[in-house]
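Take a look at the letters that make up each chain.
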Amino acid sequence: MELTRENIIKVAHLARLEVPDERLEPLRQSLSQILDWIEMLNEVNVDGVEPMFSVNQEQMRRREDVVTDGGYAKDIVANAPGGAQYDMFSVPKVVE
Amino acid sequence: MNELIKLNLSQARDKLLKKDFSSVELTSAFIKQMEETRGLNAFITETPELALEQAKASDKRIAAGSAGIMEGIPIGMKDLFCSKGTLTTAASKILSNFIPPYESTVSQNLKDAGAVSLGKTNLDEFAMGSANITSAYGPVENPWKKQGDNAKLVPGGSSGGSAAAVAARSCMAATATDTGGSIRQPAAFCGLVGLKPTYGRCSRWGVVAFASSLDQAGPMTHTIRDAAIMLEAMSGYDPKDATSIDISVPNYESLLTGNVKGLRVGIPKEYQVDGMRSEIMDVWHKGVEWLKQAGAEILDISLPHTKYALPTYYIIAPAEASSNLARYDGIRYGARIEGEDLTDLYEKTRGQGFGNEVQRRIMIGTYVLSAGYYDAYFIKAQRVRRLITKDFTDAFQKVDCILTPTTPTAAFSLDNPPTDPVEMYMNDVLAVPANLAGLPALSLPGGLTSDGLPLGLQLVGKSFDEVTLLNAAQVIETAANFQGQVTQMRKAS
Amino acid sequence: MTTYIEGATGPWEVVIGLEVHAQVSSNSKLFSGASTEFGADPNSQVSFVDAGFPGMLPVINDFCVRQAIKTGLGLHAQINELSVFDRKNYFYPDLPSGYQISQFKHPIVGEGHLNIDLPDGETKAVRIERIHLEQDAGKSIHDQHPSKTFIDLNRSGVALMEIVTMPDISSREEAMAFVKNLRSLLRYLGTCDGNMEQGSMRADVNVSLRRPGAELGTRAEVKNVNSIRFMGQAIDFEVQRQMEILEEGGTIVQETRLFDPVRGETRSMRSKEEAHDYRYFPDPDLPPLRLKPELIEEIRKTLPELPEAKKTRFVEKLGLSPYDAAVLVSDAEFADYYESAIAAIKQQDDKAPKLLANWITSELFGAMNRDNLTISESKVRPEGIAELVDLITAGTISGRIAKDVFLQMWESGESAAQIVKEKGLEQVSDDSAIRVCIEQIMAANAGMVDEYRSGKDKLFGFFVGQVMKAMQGKANPKLLNDVLKEMLDGK
């Protein structure tokens, strides 16, 4: 599958990755190559085969509704880049 | 070289309990070796002070008669396990300043068993790689060299730091993780035992996630007995991981019988992949012979979808990774590159914080999940995954475990690694089927190439039947006498 | 019943579908053990799971699952024995993991319905398409810094039920009635407190127009409407806006819009609209949710009597008017109050339930409105109002006196019997005392007595009033009537 430059730009934006112009073409080529190789799966007949999303499909255990966690705001924000204010994270102002 | 560091884990454990030496002495010897082998770049963070503190505490417990099963044993911790209060990077620039306020379940289990952590070992960035050349902290060098050739070799990946450190005896054993061969391939490249347990055996809580449905932690050691001891220490049901399985953990070491009489071992014809070197085929044949001589029954089997496992893996793993790595956005922890606005901040932080291979996989993953491609790629891969799993289920009707080579080649040059991503991915072609099916798989050294590099044999078993793998492996370990082969070759040259 | 609105070019039919996000009442979050309590200090109710830290994993809260099942059963809906949690991927600062855990293809609850009352007295079933469980996001705070937005993750990970209707709603009134009934139902079930001010319930409103009987038109989605009144305004605005566009031959853009309560308008959120591609896929950290039929049956047995059944019972068994019954069942607290009061009634009297309903809906609700108090804050408890009604039906006090007694109960919280006793308000049913008083009044108004006797019957009321006034309202009205008539008539 041959990807276009536009494909790469779109996917990079979806993934929030800044790709410098000079990286676009190499990335386009390697991703196209990988997708070409993946096309091998088209040989496989999967009619009637259910997708298998994970190994453990049996039962999901559930926890009791008890408060057992939280109460450590300082730890939550301790690693915040640029520091925290009022125990909150900060980002450039988002305008809605 | 201090004699203490030449011991394997089970020997050291016995001698510690007999008080032949203390954990502080043992740990100090390893700290020295860790410093002396720094050129391998096997550790990202060394924590000698913490290690000595832990060793002192271990000595007290040994004296008090309350030793755990790994009491006083110095190990390396792959820098993918979050360790409370110690830098944890996943070998990525984006986590270059992250100090976790919590300890992963597996590393806590090891602590509780008395293990002493010497530091955090290097790896491919976010465990994505097969040569440990994608780390933001630089590549790791394999302590092995070709005979008469001083060229640097890769240790394999992603657990390359753990493998190099154990092989260089700068720690006695190490933790590793395996999403698509990341324990077994470096173990094979470095002449070690590497065990990927059944999916759900070891908790994933506190381990930086790569691909959640495939990731599994396991031990990397010198011997099968060591692997049995360390697996027991790492394993166990964890209510904090919904995919962890509530099955009791056996005392693996006590179940080591070295008996394979009547064991049915399958040899899958599809594992003879193109371009596999004859030396690898030879070791495989030897493995078959060793097991046969010990009384096992050898059966030819077919795993027809084997060749589709790798492309299947390269859809599923990147898809899950693209989502798992979305949290690294420069807002709550890790590195941030400021931008003009929020989107710019995100794109700069992630564009500059992740390395090329990680970005490539995020891109593939994002693409195969995106509107219009989801069914053609992601769902298709999940259907093929079921067929691959069914191959194993069918095979295990007839056999108890499966013997294959671990990798199609031995360790390759660090200075000229494959530049073609698909060629690089081929390293794991024999390893990924077990990940997709969630089965336990183990690699152990079986022999050497003509130029003296280790070659690994892989055993794949039924779910939660690690015991059978360990017993079959121990038979091979004894018969192969890998250390003997190494000594012989070195004498000959 | 479909109503049309008349445009310049002909009639239009309004088509509305709702997606109501209701916060599940629970102690801890959907996938972590952090508290859900409202109004805590920033990031104090956040676990490392809720903040999306490396290696953190979700584990589902069993109670939230049960709450969703209960809600589904209350909406007469299909409960799916197998459901799956998916990741909805997008970047936003208040979404710490870069994805929201939700249910996309396989929700926990399937199709059901909720009835609403129409103005003509008919009921209409609004079909429910599905209910799924999902995590709430954190909160962005834009007004504390000139150039920064702050992020508080206390809400991050709180369990929400998204209740999605079919496009069965055809007016603002119906939409408002639906949300009122749904809120009442959720409160009955105890699965959501319905507190819209605190964000426990909010709705996305999908509005489109079509010519009668035509195919569905293109819809606009008004996001995050957080009051029933605002929802009415948003629908009015959207209907007008879309009609103007369509009547001028334009087309509606399928988009997300935001309601501005200050201006009463909706406006396009095109900035957030850019290329949404959520890349849903099953969350590999969470195996599928499998429910045993026995669990569903066990929960079904715990369902309380629901508003509709309760209303029918109030009308048929207790003789209330449909209106009073509707008012009393509209809120689980009202209904509980009423039923506690009924249980506290001691005086055997068939009129008591109806009388009690009147006292609650008129006097009590009147006082609550006046003083802006909720029923749980009222000092008059169900036992108290029951005692008051008992005093009336027993003939101890008159209805008029009872109103004064009630006011004092409302202010002081004293019991009715105590007030009546202290103030000597017992009704006088002693015929001789009434006679003495009537004699005095007749003597003082001899002229009026003559007029009455000469045929001016209307003056009877005057005498009743005078006697009552003289006796401070305490005369037994029936006895007073009888004796007065006898004495005026001169028998």
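Just so we're clear, the structure is a prediction, and the values are computed from it rather than from any experiment. (Residues numbered from 1 in each chain as written. Chains lettered and ligands numbered in written order. Predicted model: local features only at pLDDT ≥ 70, side-chain atom pairs only at ≥ 80, totals over all residues.)

Draft legend 1. Local environment of the pairing of strand S13 (residues 255-260) of chain C. Residue and element names in this part refer to chain C. Note that strand S12 (residues 220-225) and S13 share four bridges and pair parallel. Paired with Lys223 across the two strands is Leu258, which belongs to S13. Between the parallel elements S12 and S13, the chain passes through helix H3 (residues 228-247) in a crossover that is left-handed. As paired strands, S13 and strand S14 (residues 265-268) are joined by four bridges and run antiparallel to one another. Each residue of the ladder has a partner; that of Phe259, found in S14, is Thr266. The antiparallel hairpin formed by S13 and S14 contains four residues in its connecting segment, where Gly264 sits at a positive phi of about 65°. (Pairing = 2+ DSSP bridges. Helix = DSSP H or I, 4+ residues; strand = E, 2+ residues; numbered from the N terminus. Right-handed = clockwise from strand over helix to strand, strands pointing away.)

Draft legend 2. View of the sheet that holds strand S5 (residues 99-102) of chain C. Residue and element names in this part refer to chain C. Here we have three strands laid out as an open sheet, ordered S5-S4-S15, and antiparallel in their pairing. Every other strand in the sheet has two partners, leaving S5 and strand S15 (281-282) as the edge strands with one partner each. As judged from the two bridges shared by strand S4 (residues 86-89) and S15, these two strands associate in the antiparallel manner. Counted as the bridge partner of Arg87 is Phe281 from S15.

Draft legend 3. Structural context of the pairing of strand S7 (residues 123-135) of chain C. All names here are of chain C. With six bridges connecting them, strand S6 (residues 112-117) and S7 associate as antiparallel partners. Across the sheet, Ile116 pairs through a bridge with Lys124, a residue of S7. Following S6, the chain reverses through five residues before pairing antiparallel with S7; Gly121 in that reversal takes a positive phi of roughly 90°. Of the strand pairs in this sheet, S7 and strand S10 (residues 159-165) are connected by seven bridges, and their pairing is antiparallel. Considered in S10, the bridge of Ile131 is made with Ile163.

Draft legend 4. Examining the interface of chain B and chain A more closely. On the side of chain A, 40 residues touch chain B, which itself brings 53 residues to the contact. Residue assignment for the side of chain B that touches chain A shows that the elements contributing at least two residues are helix H9 (309-324), helix H10 (342-353), helix H11 (356-369), helix H12 (374-398) and helix H13 (421-425) of chain B. The element contributing the most residues to the side of chain B that touches chain A is H12 of chain B, with 10 residues. When the residues that make up the side of chain B that touches chain A are grouped by side-chain class, the tally is 27 nonpolar, 15 polar and 11 charged. (Contact = placed C-beta atoms within 7 Å. Nonpolar A, V, L, I, M, F, W, Y, C, P; charged D, E, K, R; others polar.)

Draft legend 5. Layout of the nonpolar core. Counting 298 residues, the largest nonpolar core has Ile75 of chain B together with Val205, Leu388 and Val405 of chain C as the members making the most contacts within it. Beyond its immediate sequence surroundings of up to four residues, Ile75 of chain B is in contact with Leu110, Ala115, Val116, Ser117, Leu118, Cys171, Met172, Ala173, Ala174 and Thr175 of chain B. Core analysis: the second largest hydrophobic core is formed by nine residues, Ile434, Phe463, Ala475 and Leu484 of chain C among them. (Core = buried A, V, L, I, M, F, W, Y, C linked by C-beta atoms within 7 Å. Buried ≥ 20, exposed ≤ 12 C-beta atoms within 10 Å, placed from the backbone.)

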